[in-house]
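# Analysis of the macromolecular model
Given next are the chains, with one letter for each unit.
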Amino acid sequence: MRKLTYYIACSLDGFIGDPGGDASSMYSFVDGEFLEYLRTEYPETLPTHGRRALGIDHLENRRFDTIIQGRASYELALKEGITSPYAHLREYVASRTLGESPDPHVEIVADDLVGKVRELKAEEGEFGIYLCGGSRLAGELLDEIDELVIKTYPIVLGTGMPMFGSGFAVTRFGLDEVRTFNNGVIVRTYGRKR
């Protein structure tokens, strides 16, 4: 059984972006030390165009071979003319409104998202599934998430887009690993308690 991992950046107060979802206030923390961590531990989580710009497009996937993202996250790439932002992964976009995919490499999941995720998790393979952004998407898939990797940046937003856009539900995870960086970033990894 493959794992669904919600790999996400957030503020100290648990927001993944401002009220509109903009997370650019966190970009300044991607310094040399932290970028090296991303390059060596999670290279596939960097968009293809970013990997090319950094000269690391040749790096093999370490943890994931599939990505699921929400429409709003995907539209950030579309606004830049990029129709396949994670071309090095199998790409799925959850959207009831997007309609037809603008790229043959990107599959739109309009109905039964949970069923699709369960199908992907049931596949054989050594790599997991990367859940990339989308507060509502994470809330909808909360029961399917097996692992959380939370990159916490040393800022407070006060308000914004929460990590999980869902109703109240106590869901337990156990702390597996903590990694700290000189710039104040903390990466915590949690496994699902079932």
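Summary of the structure given here. (Residues numbered from 1 in each chain as written. Predicted model: local features only at pLDDT ≥ 70, side-chain atom pairs only at ≥ 80, totals over all residues. Heavy atoms only, no water.)

### Thoughts on the overall build of the protein chain
Broken down by element type, the protein chain carries five helices and ten strands. What you see for the protein chain is a C-alpha radius of gyration of 16 Å, in line with the 16 Å of a compact globule of 194 residues. Relative to its 194 residues, the protein chain shows a buried fraction of 48%. Contacts spanning at least 24 positions in sequence make up 68% of the contacts within the protein chain whose residues lie at least 6 apart. Accessible surface, the protein chain: about 10000 Å² in total, of which carbon and sulfur atoms supply 50%. Here the protein chain contributes 22 positive and 30 negative side-chain charges, whose respective centroids are spaced 4 Å apart. (Helix = DSSP H or I, 4+ residues; strand = E, 2+ residues; numbered from the N terminus. Rg over C-alpha atoms; globule rule 2.2 N^0.38 Å. Buried < 20%, exposed > 50% of the residue type's maximum accessible area, 1.4 Å probe, protein only. Contact = heavy atoms within 4.5 Å. Areas by Shrake-Rupley, 256 points an atom, 1.4 Å probe, with all protein chains shown as cover. Lys, Arg positive; Asp, Glu negative; His and termini not counted. Charge placed at Lys NZ, Arg CZ, Asp CG, Glu CD.)

### Observations regarding the sheet that holds strand S7 (residues 147-152)
On the basis of which strands lie adjacent, the open sheet formed by eight strands has the order S5-S4-S3-S6-S1-S7-S10-S9 and mixed pairing. In the strand order of this sheet, the two ends are held by strand S5 (106-109) and strand S9 (173-180), each with one partner. On average, adjacent strands in this sheet sit at an angle of 20 degrees to one another, irrespective of strand direction. Judged from the five bridges that link them, strand S3 (residues 64-70) and strand S4 (residues 90-94) form a sheet pairing that is parallel. Looking across to S4, one finds that Gln 69 is bridged to Val 93. (Pairing = 2+ DSSP bridges. Axes fitted to C-alpha atoms, helices over the stretch in contact; angles between N-to-C directions.)

### Structural notes on helix H1 (residues 32-41)
Residues lying three or four places apart along an α-helix face the same way, a consequence of the helix completing one turn every 3.6 residues. Listing the buried residues of H1 in full gives Phe 34, Tyr 37 and Leu 38. Looking down the long axis of H1, one finds its buried residues gathered within 95 degrees of arc, a one-sided arrangement. Buried positions along H1 lie against strand S1 (4-10), S7, S9 and strand S10 (186-192). (Arc of directions from axis to C-beta.)

### Focus: a nonpolar patch on the surface
Taken together, Leu 175, Val 178 and Ile 186 make up a surface patch of nonpolar side chains, about 250 Å² in accessible area. Turning to its location among the elements, Val 178 is positioned in strand S9. (Patch = residues over 30% accessible without salt bridge, like charges linked within 9 Å, V, L, I, M, F, W, Y side chains within 5 Å. Salt bridge = Lys/Arg side-chain N within 4 Å of Asp/Glu carboxyl O.)

### Some remarks on the pairing of S4
Buried residues dominate S4, accounting for four of its five residues. One crossover worth recording links S3 to the parallel S4 by way of helix H3 (residues 71-79), and it is right-handed. In terms of strand pairing, S4 meets S5 through four bridges, oriented parallel. Within S5, the residue paired with Val 93 across the bridge is Ile 108. (Right-handed = clockwise from strand over helix to strand, strands pointing away.)

### A short note on the pattern of salt bridges
Applying the stated criterion across every chain yields a total of 18 salt bridges. The closest approach of N and O atoms between Asp 57 and Arg 51, which form a salt bridge, is 3.4 Å. By relative accessible area, Asp 57 is classed as partly exposed at 33%. Between Glu 107 and Lys 116 there is a salt bridge; the shortest N-O distance is 3.6 Å. Taken together, the salt bridges that share partners define one network made up of Arg 118, Lys 121, Glu 144, Asp 146 and Arg 194.

### What about the nonpolar core?
Phe 34, Tyr 37, Tyr 130, Tyr 153, Val 185 and Val 187 are the most contacted members of the largest nonpolar core, which has 24 residues in total. Looking at this core, the elements with two or more residues in it are S1, H1, S3 and strand S6 (128-132). Ranked by the residues each element gives to this core, the list is headed by H1, at three residues. Discounting residues that sit within four places of it in the chain, Tyr 37 has contacts with Tyr 42, Arg 179, Phe 181 and Val 187. In terms of nonpolar packing, the next biggest core, distinct from the first, is built from 23 residues, Ile 16, Val 109, Leu 148 and Ile 150 among them. (Core = buried A, V, L, I, M, F, W, Y, C linked by side-chain atoms within 4.5 Å.)

### Some thoughts on the environment of Asp 18
Here Asp 18 shows up in the loop between strand S2 (15-17) and H1. Given a relative accessible area of 29%, Asp 18 falls into the partly exposed group. Taking the C-alpha atoms as reference, Asp 18 lies 33 Å from Glu 119; in sequence the two are 101 residues apart. Among all residues touching Asp 18, those that are not within four sequence positions of it are Leu 157, Thr 159, Gly 160 and Met 161.

Taken by themselves, the reported measurements are silent on function.
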